[in-house]
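Topology and contacts: notes
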Amino acid sequence: MGNIILELRGISKSFDGKKILDDLTLDIEKNEFVTLLGPSGCGKSTLLRIIGGFVKPDSGQVFFEGQDITLLPPEKRQVHTVFQKYSLFPHMNVSDNIAFGLKLKKKPKEYINEKVRYALHLVNMDGYGDRMTTSLSGGQQQRIAIARAIVNEPKMLLLDEPLGALDLKLRHEMQRELMRIKHEVGITFVYVTHDQEEALTMSDRIVVMNQGIIQQMGTSKSIYDEPQNAFVADFIGDSNIINGIMLKDRLVLIQGIEVECVDEGFDANEPVDVVIRPEDLIIGTKGSGFTNGIVTNLIYKGAYYDISVTAGTHEWSVQSNVPAAVNSEVSLSIDPENIQIMRKPKSSDEEVIDKLG
Amino acid sequence: MVDKLTDFISRFYVAIIAVFLYAPIAVLIVLSFNKSRSRVVWEGFTLDWYISLIHNRQIQSALMTTLALAFLSAFISLIIGTAAALGISSMKRRSHRTMMVLTNIPMLNADIVTGIALMLWMIQFMPLGFNSVLLSHITFNIPYVILAVLPKVKMMNLSIYNAGRDLGAGPLRAFFMLILPQLKDGMLSGFFMAFTMSMDDFVITYFTKGAGVNTLSTMIYGEIRKGIKPEMYALSTIIFTVVFGVLLVANGNTIGTKERKRGYE
Ligand SMILES: Nc1ncnc2c1ncn2[C@@H]1O[C@H](COP(=O)(O)OP(=O)(O)OP(=O)(O)O)[C@@H](O)[C@H]1O
Ligand SMILES: [Mg+2]
């Protein structure tokens, strides 16, 4: 891969003796849309600040196009950041905000005006140049923040929850807008969010982080369909995560019931996490599936029904297009293909898993 | 009903202030235009006292000294006070509180104590004169600047500084282009406050000035001991008008920005 633009090598960072990033290594390719996804406080922003140059790692190195930039101050990096909010300059109008970087570089006036016009057009804000930034809505402010960064033609754009403060509808609109902008200017995006849906729809590659380490990376599809541990499975989408024992290849014991699956290569009688997506469970008449249960709850969600089925001690979450009567006895069945078996992790995040157990 | 009552009380309050505070000043102003030297009889309008004021060398030099002192001390304490406010705001809680107490004491301290203390201190290092007065004025002005600037420092948005660095501004440039404009209002009112405090001061100046140097207030005091002349009314009127004007500008400035901000919301 000669196409790598940014390399993070063994990055560690602690605040007040608490380890936030732990020996993290990550490569980002040119033109990639990479999303850092993880729960609040897992160190996403800290990692972004290290890439932007606002925070120095305790150990490890940052390479940009092969050069070590670990100690380079932010103003010398060819990387720009779009912050979560409140980062426009309140004492300047929209045009002056966008022109800020170009003026520092002493570009000719004509060039600057042309660029500002282009950038305003790019973010769908033609004609807003003379407005004061404080008179703009949240979504408009974020567009200007994006325009202000892009106008300097950075090689990489860092976006730290840029849509976090917006309402749902505006967020969806801005997601499409961002993908269009990315397509038009063709630069590398590193995007931070804790909204998994946002990550799944926008990214080429998702990096799921928790407790300062990378839990899994891959395309949206691979993360969603093949989570590698219970944390990822739980964090991405709704999941039934249940303890199981791998009896032999392609046979797992769940709650005392033998269920066929397609996974191989585990030790005999190895304890595992079994992950089943709610939309993969099929409700049928009593006795037709691998287990029977009582319908305990039914919620209409617009496109589907959210059904809870209690079987033994476990409450299964099921998504179905057809309703099932509460208190009726039903069976659950599943295609062996849709069962995901995962090794129990031995690392530090075991406590997280236990909580889910 | 309650509205009417509070309305009445607030009007009444304004009236009392007007009578007790401004009536004496009004008398002073009227007398400065009085033809008679008498303090009780009005004999007609004149500008004589103002004209003789203009031709008075002693008064002119005192005026220049006063303005130079006010401007220099306000300017220097603006720089020191702003830096101090930035430093204090980034201190830990305890040192922050200690610093604020240390800042407040000179303002509450009796002027005469400050004056004598400064005088005793200054004569250890320099002959009393313009410089010692200037240093003293800077000393008592710094707390006013700190008090005016500190609230703005606390409200200041630091992510703007980071955004500026991100877009290519070095630390100094980002400070002057992005941090200082946010403190501008506080600095301006701090400057004007310091300016008027310096113009206003008599006691501390009196103790630290030594012989030969006179500000308007110390000069008026000296003159009055020889007997009150109507020129002094005229001079006092001018001082009052200038201070009043400066305060109006300073307050108008902060009120203006408040309204501008409100307009956006
Ligand atoms: N400058 C700092 N000083 C002390 N602690 C810090 C500092 N910056 C971050 N932290 C701590 O580091 C941890 C990770 O912070 P970070 O901002 O990277 O989280 P995040 O993943 O971006 O979370 P969120 O989704 O809430 O933004 C948090 O516990 C935070 O309190
Ligand atoms: Mg964050």
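All of these numbers come straight from a predicted model, not from anything done at the bench. (Residues numbered from 1 in each chain as written. Chains lettered and ligands numbered in written order. Predicted model: local features only at pLDDT ≥ 70, side-chain atom pairs only at ≥ 80, totals over all residues. Heavy atoms only, no water.)

A count of helices and strands for chain B gives 11 helices and zero strands. In sequence order, chain B lays out its α and β elements as α-α-α-α-α-α-α-α-α-α-α. The C-alpha extent of chain B, read off along each of the three principal axes, is 70 × 65 × 35 Å. Taken over 265 residues, chain B has a buried fraction of 38%. Accessible surface, chain B as shown: approximately 15,500 Å² in total, 70% of it carbon and sulfur. Of the charged side chains in chain B, 23 are positive and 13 negative; the average position of the first set lies 8 Å away from that of the second. (Helix = DSSP H or I, 4+ residues; strand = E, 2+ residues; numbered from the N terminus. Buried < 20%, exposed > 50% of the residue type's maximum accessible area, 1.4 Å probe, protein only. Areas by Shrake-Rupley, 256 points an atom, 1.4 Å probe, with all protein chains shown as cover. Lys, Arg positive; Asp, Glu negative; His and termini not counted. Charge placed at Lys NZ, Arg CZ, Asp CG, Glu CD.)

The share of residues in chain A with pLDDT of 70 or more is 96%, and the mean pLDDT across the chain is 88. In this model, residues 348-357 of chain A is a region of pLDDT below 50 whose contacts with residues beyond four sequence positions or in other chains number 14 contacts. (pLDDT = per-residue confidence, 0-100. Contact = heavy atoms within 4.5 Å.)

All names here are of chain B. Viewed as axis vectors pointing N to C, helix 6 (residues 130-155) and helix 8 (residues 171-200) meet at an angle of 155 degrees, and their least axial separation amounts to 8 Å. Our classification of the angle between helix 6 and helix 8 gives roughly antiparallel. Two packed elements cross with a definite hand, and for helix 6 against helix 8 that hand is right-handed. Here H137, F140, N141, Y144, V145, A148, V149, K152 and V153 of helix 6 come into contact with helix 8, specifically with Q182, L183, D185, G186, M187, S189, G190, M193, A194, M197 and S198. Among the residues forming the contact of helix 6 with helix 8, the class breakdown is 11 nonpolar, seven polar and two charged. (Axes fitted to C-alpha atoms, helices over the stretch in contact; angles between N-to-C directions. Parallel < 35°, antiparallel > 145°, perpendicular 65-115°, else oblique. Left-handed = near helix turned anticlockwise from the far one by under 90°. Nonpolar A, V, L, I, M, F, W, Y, C, P; charged D, E, K, R; others polar.)

This part is about empty space enclosed by the protein. All names here are of chain B. By the definition in use, this model includes one cavity of 30 Å³ or more. Taken together, T66, L69, H137, S198, M199, D201, T215 and S217 make up the full set of residues lining the largest cavity. Of all the secondary-structure elements, those providing two or more residues to the lining of the largest cavity are helix 3 (57-89) and helix 8. Here the residues of the lining of the largest cavity are counted per class, giving two nonpolar, five polar and one charged. (1 Å grid on protein atoms, 1.4 Å probe; cavity = no way out; pocket = protein on both sides within 12 Å on 5 of 7 lines; lining within 4 Å. Points joined across faces, edges and corners; volume = space filled by probe spheres on them.)

In this section: the domain arrangement of chain B. Each domain of chain B was delimited in the assignment, giving domain 1 (1-44) and domain 2 (57-228). Taking only C-alpha atoms, the centre of domain 1 of chain B and the centre of domain 2 of chain B are 32 Å apart. (Domains from an automatic or database assignment.)

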